[in-house]
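# Observations on chain architecture
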Amino acid sequence: MPFAIPVKALIVIGLLTFCFSLTRAAAGEEGPIAPAALRCEYLINPLGIDVQLPRLFWIPRHPGRGQAQTAYQVIVSTVPSCEKGDAWDSGKVPSAAFTHVVYKGKSLASDGRYYWKVRYWDKDGQESPYSAVASFGTGLLTKGDWQGSWIGGANQLRKEFDVPGSVVRATAYVCGLGYHELRINGRKAGSNVLDPGWTTYDTRALYVAHDVTSMLKAGANAVGVMLGDGWFKGKALLFQLNIELAGGKTMSVVSDATWKAMSGPVVEDSVYNGETYDARLEMPGWDEPGFADKGWTKAAAVAGPRGVLSAQMMPPIRVMDTLVPLKMTTPRPDVYVFDMGQNASGWARLRVTGARGAAVKLRFAELLYSDGMINQENLRSARAQDVYILKGEGEEAWEPRFTYHGFRYVEVTGFPGVPTADSIRGRVVHSSVRQAGSFAASKPVLNGIQRIVTWGQKTNLHSIPTDCNQRDERMGWMGDAQGTAEEALMNFDMAAFYTNFIRDIRDVQDAAGTITDTVPHIWGSRPADPAWGTAYPLLCWYMYRYCGDTRILEEQYPGLKKYVEFLRSKAENGLLLKYSYYGDWVAVDKTPGAIVSSFYYYYDVKILSDIAQVLGNAAEAKAYAKLAEDIKAAFHKEYFDPKTGNYANGSQTANALALFLELAPDDARGAAWGNLFDNLAYKNASHLTTGIIGTKYIMEVLTRFGNSDLAYDVATQTTYPSWGYMIENGATTLWELWQRREGPSMNSHNHPMFGSVGVWFYKALAGINLDPQVAAFEKIRLEPQMVRDLMFASGAVDTIRGRVVSAWRREDRSLAMEAVVPVGSEAEIVLPKFNLRNIVLSEGGKVVWADKKYVSGAEGVRGVEETASALVIKAGSGRYVFELRGE
Ligand code: RAM
């Protein structure tokens, strides 16, 4: 039979092309180096970099295929035009590196501003023009650079000052705890909210840098700072404004006893309970010069946090989206309930007109009762309530500053008159990590899952990865963090965020090497459950595997070693037999905790050995590899039952863990796999009974064992327990439990920890895989699983080295596949043969495989090989559209 109608194929390719050019245009990437790709310490034009040798990143672009960088030149200047490298001119450096390029110029000054650009030479020695100029600012690098002192005494602090001349550059450094808002001359500085990030304040507090040059003027100026409790549960400010004047003079305005203090309109604020704002207490002009500060007292000297000060080098929390309510209902007289249509984190913006003193109460919830009233039972003791008291001066608009809620519904009471749809907007608030990945497929339920996974993930990024965002918890539970990290790394630009969180983890480590269940440590235990503590080695390892970060490995190696040695001290017979609290948390079928702990003991030791290898420490790599082998043997001996062929109790999780890390030796593998398959496919009709741990590994095990069809059956279920079941029951973010519960217990409706399936979408269905040896997408394996009735899938990820795309669509006897490989990377693209005969593979119209032979000639394609089930294409960088047809 001849090949399926070419017109159709053209449409397919057209569609793929269209999708791609759209995404490319949206990213605004033009020229040899995309401006947004110039980064310093993973951030775009950051301020407050407080490392002496920051790392620079860029992404070379090239119109040709099979391209690579062979040399670069970096210019770092103290002058914005960046013509000469007065700080650093690297000269032409023969190197393929364009990530983690360590600054090697003059020693960086505190409070400095640097401008940089880069050019590169391609594989043919052609040089690119210079990139656009990017910048970075250094923070206050030593303790002695801070001139002010900690002050407080009220939740509003102000200071007037004179600027004798015109301002060339001004940078404000603020550590206002728990939360702060900086205002200068009547305006809020920047667009961050809920600053600074939450840390273990006794060890470290973060300060935030703002460029406020354009907010100052010659003459009289004023700075005002509002303070909230946040997680610090107190209020303290350290402030320093460094100003450079025309003519070179400098001056600083710092927090000290000359500041004035007064309690302002925020009369109550709490992360869990909400904020009460009395607009009658506003003092117009308090943050401007010339304000009559009668009644204000002298700011009090207060004890600041005991920890060191570090710059906040991660994407700040911001208002990331504004939701228009889907509808407003009136379940009872004068009770209005707004449905935002999406569970999220943040707050509501209120618009209201009414009499002075009227109090509008906003209460937040994830759920409704059947009578339409909001159900706050699952928030436990979190009151989740904001109150706005009107000043009565026409239309008033307000949103809180020092709290956030997890909610889909907003209940409004006390509203003067009847609210309209415009009275309320949902403000979506979370760490401003950029979306890095997108995934879509022909099966709607998968797109639904992708949606609830990513909404759940991003709305739980609140400077740390939280377990949930609504109830009286919102902790950095480490098990949740490690289980979802790979999904997050595909969907979002997480590098700076995790760099910060890994430091947070190290900050809680004690002399014995122990770490804690939550970071910062408020809930849970020390030492952490091993399945929670593993977040420390695993996140470091993922930062290496996904982002190629070796500095983090170097910095953390001593801490990781201490942690692993602590685990070793707890081992009995080479395993963690009596050390587990949560294990395969919230599973349908229980798995003994000890097998989970022992699995992670092996995993952590193995990772430590691999890290030692990367760092060139061969002796320790060998020693820990040996320890890992011993644990592996002990694991099999302890948990494998030759009679049943099961590990431990034969739960899905137990067998999946043994298979995932190849803890099952050759002669046990078949039995364990057979049991896992039977349990999943027959006993549970393709439903998981796993908790968060088993769920993370089982999908990948199924794909590795050639059973992506079964994994797909699992992923597309809509009955209990499954992700689809959550969606069928109205979930717009992932639930904490497979079960549908709405009562007062543990049942958050926004808990990202079952979101690990998100990485399986990219790896298996779109087919985007890291090379097992080479980190950070320098080598890529695109191997989509074209399962069951799935007719297309596409994944695009902006990796540290550039965009990777894998998108395919199939028909009866044909297949079209778009692949995008970044400059300097190479890919293996695996296309299934589907039992077709007389296969012809072409790329952009050129035949690359026919009569069972590779045909050379397509630019960038380096070869095609045939295996029993697939054609494997080797290709260099560039964008390709392959077409496979057969009979
Ligand atoms: C719950 C948390 C979290 C989990 C711990 C063990 O309180 O919400 O998700 O990690 O328990």
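These lines cover the structure that appears in this document, whether it is placed above or below. (Residues numbered from 1 in each chain as written. Predicted model: local features only at pLDDT ≥ 70, side-chain atom pairs only at ≥ 80, totals over all residues. Heavy atoms only, no water.)

## Some thoughts on the overall build of the protein
- A tally of helices and strands in the protein yields 15 helices and 48 strands.
- In terms of overall size, the protein behaves like a compact globule, its C-alpha atoms giving a radius of gyration of 29 Å where 887 residues would be expected to give roughly 29 Å.
- Residue pairs in contact within the protein that sit at least 24 positions apart in sequence constitute 74% of those at least 6 positions apart.
- When the accessible surface of the protein is summed, it comes to about 31,900 Å², and 51% of that surface belongs to carbon and sulfur atoms.
- Both charge centroids of the protein, one from 93 positive and one from 95 negative side chains, sit 2 Å from each other. (Helix = DSSP H or I, 4+ residues; strand = E, 2+ residues; numbered from the N terminus. Rg over C-alpha atoms; globule rule 2.2 N^0.38 Å. Contact = heavy atoms within 4.5 Å. Areas by Shrake-Rupley, 256 points an atom, 1.4 Å probe, with all protein chains shown as cover. Lys, Arg positive; Asp, Glu negative; His and termini not counted. Charge placed at Lys NZ, Arg CZ, Asp CG, Glu CD.)

## Observations regarding the sheet that holds strand S12 (residues 179-184)
- As summarised here, the arrangement of the six strands in space is S13-S12-S15-S10-S18-S21, forming an open sheet in which the pairing is antiparallel. The open sheet has two edge strands, strand S13 (187-188) and strand S21 (297-298), and neither has a second partner.
- Pairing geometry for S12 and strand S15 (residues 219-228), over six bridges, is antiparallel. Pairing of Ile184 across the sheet is with Val223, part of S15. (Pairing = 2+ DSSP bridges.)

## Some details on the site of the ligand
- Lining the immediate surroundings of the ligand are Asp467, Arg471, Glu473, Trp477, Asp480, Trp532, Tyr582, Trp585, Glu736, His751 and Met753.
- For the ligand, an oxygen atom lies 2.5 Å from a polar atom in the side chain of Asp480.
- Separating an oxygen atom of the ligand from a side-chain N or O atom of Trp532 is a distance of 3.0 Å.
- Calculation on the ligand without its partners gives an accessible area of 300 Å², and the protein chains cover 95% of this total.
- Here the residues of the shell around the ligand sort into five nonpolar, one polar and five charged. (Near = heavy atom within 4 Å. Polar contact = N/O pair within 3.5 Å; in protein donor to acceptor, adjacent residues only side chain to side chain. Nonpolar A, V, L, I, M, F, W, Y, C, P; charged D, E, K, R; others polar.)

## Considerations on the nonpolar core
- With 246 residues, the main nonpolar core has Trp58 and Tyr647 as its most contacted residues.
- By size, the runner-up hydrophobic cluster in this structure holds 28 residues, among which are Ile151, Val212, Leu227 and Ile243. (Core = buried A, V, L, I, M, F, W, Y, C linked by side-chain atoms within 4.5 Å. Buried < 20%, exposed > 50% of the residue type's maximum accessible area, 1.4 Å probe, protein only.)

## Digging into helix H11 (residues 666-683)
- Relative to the 26 Å expected for 18 residues at 1.5 Å per residue, H11 spans 25 Å between its end C-alpha atoms, a close match to the ideal helical length.
- Buried within H11 we find Ala668, Ala672, Trp673, Leu676, Asn679, Leu680 and Ala681.
- Tucked into the core, H11 has its buried residues touching helix H9 (618-639), strand S35 (640-641), strand S36 (646-647), helix H10 (652-660), helix H12 (692-704) and helix H13 (708-715).
- Just past H11, the residue Ala685 takes up positive phi, approximately 45°. (Expected span 1.5 Å × (residues − 1).)

## Notes on the pattern of salt bridges
- Tallied over the entire structure, the rule returns 60 salt bridges.
- With a shortest N-O distance of 2.7 Å, Arg380 and Glu473 are connected by a salt bridge. One end of the pair, Arg380, is in the loop between strand S29 (374-375) and strand S30 (385-389); the other, Glu473, is in the loop between helix H2 (444-458) and helix H3 (478-491), and 93 residues separate them in sequence.
- For Arg380, a relative accessible area of 29% puts it in the partly exposed group.
- Note that Asp630 and Lys626 form a salt bridge whose closest N and O atoms lie 3.0 Å from each other. With a gap of four residues between them, Asp630 and Lys626 both fall in helix H9, about one helical turn apart.
- A network of salt bridges, in which partner residues are shared, links Arg380, Asp467, Arg471, Asp472, Glu473 and Glu736. (Salt bridge = Lys/Arg side-chain N within 4 Å of Asp/Glu carboxyl O.)

## Let's talk about the packing of aromatic side chains
- Applying the stated criterion to the full structure yields 49 aromatic pairs.
- Between Lys117 and the ring centre of Tyr130, over which it is positioned, the NZ or CZ distance is 4.4 Å. (Phe/Tyr/Trp six-rings, centres within 6.5 Å; stacked < 30°, edge-to-face > 60°. Lys NZ or Arg CZ within 6 Å of the ring centre and 35° of its normal.)

## Digging into the sheet that holds strand S45 (residues 853-854)
- Taken together, the eight strands give an open sheet; going across it, the order is S34-S39-S40-S41-S48-S43-S44-S45, and neighbouring strands pair in antiparallel fashion. The open sheet is flanked by strand S34 (437-441) and S45, the only strands paired with a single partner.
- The pairing of strand S40 (residues 802-810) with strand S41 (residues 814-821) spans six bridges and is classified as antiparallel. Residue pairing for S41: Arg810 is matched across the bridge by Leu815.
- Each of S34, strand S39 (792-799) and S40 touches helix H15 (residues 757-766); the most contacted strand, S39, lies at about 120° to it. (Axes fitted to C-alpha atoms, helices over the stretch in contact; angles between N-to-C directions.)

## Quick notes on the packing of H10 against H12
- Contact pair H10 / H12: the axes reach a minimum separation of 9 Å and the direction vectors enclose 60°. Considering their axes alone, H10 and H12 lie oblique with respect to each other. Of the two possible hands of crossing, H10 and H12 adopt the one that is left-handed. Counting all contacts with H10, which are made through Gln652, Thr653, Ala656, Leu657, Leu659 and Phe660, the residues of H12 involved are Ile693, Gly694, Tyr697, Ile698, Glu700, Val701 and Arg704.
- Grouping the amino acids of the contact of H10 with H12 by side-chain chemistry returns eight nonpolar, three polar and two charged. (Parallel < 35°, antiparallel > 145°, perpendicular 65-115°, else oblique. Left-handed = near helix turned anticlockwise from the far one by under 90°.)

## Focus: unusual backbone geometry
- In this chain, Leu177 is followed by Gly178 through a cis amide linkage whose omega measures -20°.
- As for its position among the elements, Gly178 is in the loop between strand S11 (167-177) and S12.
- Here the bond from Arg526 into Pro527 is cis, since omega is -5°, no more than 30 degrees from zero.
- Structurally, Pro527 is set in the loop between helix H4 (495-508) and helix H5 (530-533).
- Phi at Asp111 is positive, roughly 55°, even though this residue is not glycine.
- With respect to the helices and strands, Asp111 occurs in the loop between strand S6 (101-102) and strand S7 (113-121).

## Quick word on the pairing of S41
- Here S41 lies mainly inside the structure; eight of its eight residues are buried.
- Residues Ser814, Ala816, Glu818 and Val820 point to one face of S41 and Leu815, Met817, Ala819 and Val821 to the other, with burial holding for every one of them.
- Counting the residues between successive antiparallel strands, the hairpin from S40 to S41 contains three residues.
- In this structure, S41 lies alongside strand S48 (residues 878-885), joined through eight bridges in antiparallel fashion. Residue Val820 lies in a different strand from S48, and its bridge partner there is Arg879.

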